[in-house]
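# Residue-level structural notes
One letter stands for each residue in the lines below.
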Amino acid sequence: MTETALPSSVSGSLGLRRALAKNRGALIAAAVFAILLFIVDWVSAGPLTYFDISFLSSGGATSAIAAIGQTIVILSGGFDLSAGAVISLVNVVLASSMDPMAPASVALWTLAGIGIGAAVGAFNGFFIAVLRMQPIVVTLSTMFILQGVTLLVMDKPGGGVSPDLGAFYLGDAIPGWLPMPLVVIGVVLLLWLWLKGTRFGTALYAIGSDADSAAAVGVNVVLTKFLVYVIAGGCYGVAGVFISAQTGSGDPLVGNPLLLSMFAAVVVGGTRLGGGQGGPVGTVFGAYILMMVVNILLVLNVSAYYSTIAEGAILILAVLAGSISHGSVLAQQLRAAKARFAAWRAGMLPSQLDRADRRLRIAAPARETKAAAVRPPFHIRHAETLRYALPAYLCLLVVVVVTQFWLGRAIFNPGYWNSLLVLSSFLAILALGQGTVILTGGLDLSVPWTIGISGIILAGMVNGSDAALLYALPTVLLMAVAIGFANGVGIAYLGISPIVMTLATNGILQGFALLYSQGTPAGFSSPMLRWFMTGRILGITPVVFFLVAFAAAAVMLLGRTAFGRRVYGIGNGVRAAQLSGIAVEKTLILVYVLSAVCAALVGIMLTGFSGQASLGMGDDYLLPSIAVVVVGGALITGGRGHYLGMLGGVLLLTALQMLLAGTTLPYATRAILYGLVVLGAVMALRERRQH
């Protein structure tokens with residue numbers, strides 16, 4: 001009896017331990033949720049009532065439902081940056097289509113929202129699963145396409161949603177006992193638990209852990225990934241319906257702030273970035289944790305502007321907490337630092353050794369020396385650069401010719417070329433920073449609010465004084481160095497994904513910009529900066545001369561310096577770069593510092609161009625900064641590209657923008673165009689690389 005009972009108890013204990021380890025993230029999130037609920041009860045004026053519980057449940061439901069969809073994508077090893085845009089699209093479609101004064105079918109409109117989200121998910125899934133394109137690039141392009149479509153449907157807040165939708169989703173399932181938002185979330189989680197037990201659920205975790213191994217054992221990776229994005233889109237659709245019920249009206253920007261909180265909820269809930277571990281149950285707790293943190297800050301009379309700072313900080317801390325292990329990047333860096341310290345004490349560092357060159361010197365034969373002196377022709381030496389950069393310039397020529405025939409006064413008009421170069425200057429500078437990041441295989445999503453906070457701080461410090469530029473410019477640029485340094489350290493030494501790190505930084509910068517300006521930026525550009533961006537020297541705007549010098553310096557930096565060679569080395573393989581002696585971590589920090597400084601320069605220039613700074617002044621530059629790099633022939637996964645090609649992409653998209661500005665097409669078409677151009681360019685360059 002005893003001999004048979006012992007193995008059974010041991011087996012049960014091991015099974016319990018495995019279950020606890022497997023669901024550790026969700027259990028920790030549930031414990032933190034319980035603690036925060038106690039704190040909310042403590043800081044409130046009185047004990048929590050059913051009304052308070054109902055209010056809290058509805059407040060976090062939209063983020064929780066959307067984050068469930070994001071969790072499913074991340075479990076498969078992907079990312080979805082289009083989630084917020086889907087929510088906005090569903091919201092404006094409902095608000096522009098429903099009659100707020102007439103009864104509405106809740107089931108019908110809910111299915112409509114789910115259908116819109118699933119259709120967008122199918123679009124993403126086709127490019128990602130079938131064409132095997134990068135999820136980040138596809139979903140970022142989709143985000144901008146959807147933002148344009150949303151603005152075409154409704155260009156400003158308005159419309160109305162039937163009260164029936166709000167009465168259903170915000171009411172009580174059991175009056176006085178069970179709020180309907182919790183029932184909606186419960187139904188979504190029950191569907192997930194059923195789905196998890198199917199072959200699809202098993203395949204989902206398998207491809208998230210190792211897609212190649214999953215394919216080797218017969219998992220249909222393409223179909224699974226496609227369904228992942230369709231299901232996730234359906235969740236975003238439900239979130240769009242729910243937020244429509246909450247607001248009762250339409251807003252084309254309603255989903256934008258949710259992207260950061262979505263990723264934070266996923267990570268706080270214990271889902272591992274990269275896939276294969278976690279689940280939506282923990283994500284729901286994570287979403288409510290974030291909401292309660294913000295509510296606690298509000299109860300304590302802390303400004304609401306701190307909310308994005310809190311979300312960004314929580315996201316970074318949660319990623320670090322979830323990645324603590326013996327094999328994590330942080331652990332490896334600590335062991336490497338310990339080894340370097342030991343080598344320094346022993347005097348064995350390379351810098352401490354004798355640097356005498358002991359290599360054998362063998363004279364090269366005269367025939368080889370003569371052959372080496374004969375350099376190949378220019379088009380042979382730069383064949384790859386020309387192959388990928390020339391199409392942008394050829395397309396630029398086509399756009400200029402079309403502009404000449406359509407609008408006139410282009411080809412032989414000096415004013416047209418001056419305007420083209422002035423408007424190109426912003427993206428040309430961003431192309432160096434974002435392009436260098438892309439060459440290493442990363443992306444910098446902190447560009448928008450690095451631009452924004454730089455312009456806001458500069459305008460506030462200068463306030464129309466030329467003399468103030470002497471200290472305002474260095475202050476803003478030093479701040480940009482600090483931003484880039486923080487991004488670089490988080491990515492290189494802490495092992496945080498570039499997407500997550502820069503997205504969190506963007507949210508933190510947004511909060512600081514709002515705090516600094518108190519929601520209303522003050523100050524304006526100095527006359528000298530204004531003249532630099534709009535004045536004339538011999539009919540040419542001064543910034544054009546700066547642009548020419550900047551482009552020459554950028555070409556030299558990436559093509560003729562050790563830094564440039566290290567950047568390309570990292571992009572072609574981090575491990576190979578490390579083995580070849582490249583200081584990968586230091587180089588990555590310099591790369592992100594360069595990107596932040598370029599973004600700060602654009603913020604300064606935009607302030608001079610418009611005469612003042614504004615909130616969100618950098619929002620329109622994220623996708624274009626990536627688009628010009630890709631259109632210019634750079635490989636989005638890193639290792640290939642040339643600044644002259646990126647400059648060609650800048651001139652092409654700016655000329656296209658000027659052409660569209662001369663037509664009657666609405667502004668929203670520009671966002672759609674950028675998204676389609678990026679998708680087309682990535683597809684074309686991918687096919688060329690394969691062939």
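First, a word on scope: everything that follows refers to the structure included in this document. (Residues numbered from 1 in each chain as written. Predicted model: local features only at pLDDT ≥ 70, side-chain atom pairs only at ≥ 80, totals over all residues. Heavy atoms only, no water.)

### Let's talk about the overall build of the protein chain
For the protein chain, the helix and strand inventory stands at 29 helices and two strands. Counting over 691 residues, the protein chain shows a buried share of 48%. When the accessible area of the protein chain is evaluated, it comes to approximately 32000 Å², of which 68% is carbon and sulfur surface. (Helix = DSSP H or I, 4+ residues; strand = E, 2+ residues; numbered from the N terminus. Buried < 20%, exposed > 50% of the residue type's maximum accessible area, 1.4 Å probe, protein only. Areas by Shrake-Rupley, 256 points an atom, 1.4 Å probe, with all protein chains shown as cover.)

### Some details on the packing of helix 4 (residues 83-97) against helix 5 (residues 106-130)
Contact pair helix 4 / helix 5: the axes reach a minimum separation of 10 Å and the direction vectors enclose 140°. One way to sum up the angle between helix 4 and helix 5 is to call them oblique. As helix 4 runs across helix 5, the sense of the crossing is right-handed. Each of Val86, Leu89, Val90, Val93, Leu94 and Ser97 in helix 4 lies in contact with helix 5, whose residues at this interface are Trp109, Gly113, Ile116, Gly117 and Val120. (Axes fitted to C-alpha atoms, helices over the stretch in contact; angles between N-to-C directions. Parallel < 35°, antiparallel > 145°, perpendicular 65-115°, else oblique. Left-handed = near helix turned anticlockwise from the far one by under 90°. Contact = heavy atoms within 4.5 Å.)

### Focus on helix 19 (residues 447-462)
Taking 1.5 Å as the rise per residue, helix 19 with 16 residues should run 22 Å; its terminal C-alpha atoms sit 22 Å apart, in good agreement. Burial runs high along helix 19: 14 of the 16 residues are buried. Looking one or two residues past helix 19, Asn463 carries a phi angle of roughly 50°, positive in sign. (Expected span 1.5 Å × (residues − 1).)

### A look at unusual backbone geometry
Although it is not a glycine, Arg132 sits at a positive phi angle of roughly 60°. Residue position: Arg132 is located in the loop between helix 5 and helix 6 (135-153). Non-glycine residue Leu538 carries a positive phi angle of around 55°. Looking at the secondary structure, you find Leu538 in the loop between helix 22 (527-534) and helix 23 (542-560).

### Let's talk about the nonpolar core
Ranked by size, the top nonpolar core spans 191 residues in total, and within it Leu165, Leu315, Ile451 and Tyr643 carry the most contacts. Of all hydrophobic cores here, the second largest spans six residues; its members include Ala492, Ala577, Ile582 and Val584. (Core = buried A, V, L, I, M, F, W, Y, C linked by side-chain atoms within 4.5 Å.)

### Points about the environment of Leu557
The residue Leu557 is located in helix 23 in this model. Judged by relative accessible area, which is 25%, Leu557 ranks as partly exposed. As a C-alpha pair, Leu557 and Leu432 span 125 residues in sequence and 9.6 Å in three-dimensional space. If sequence neighbours within four positions are ignored, Leu557 has contacts with Leu432, Phe563, Gly564 and Leu594.

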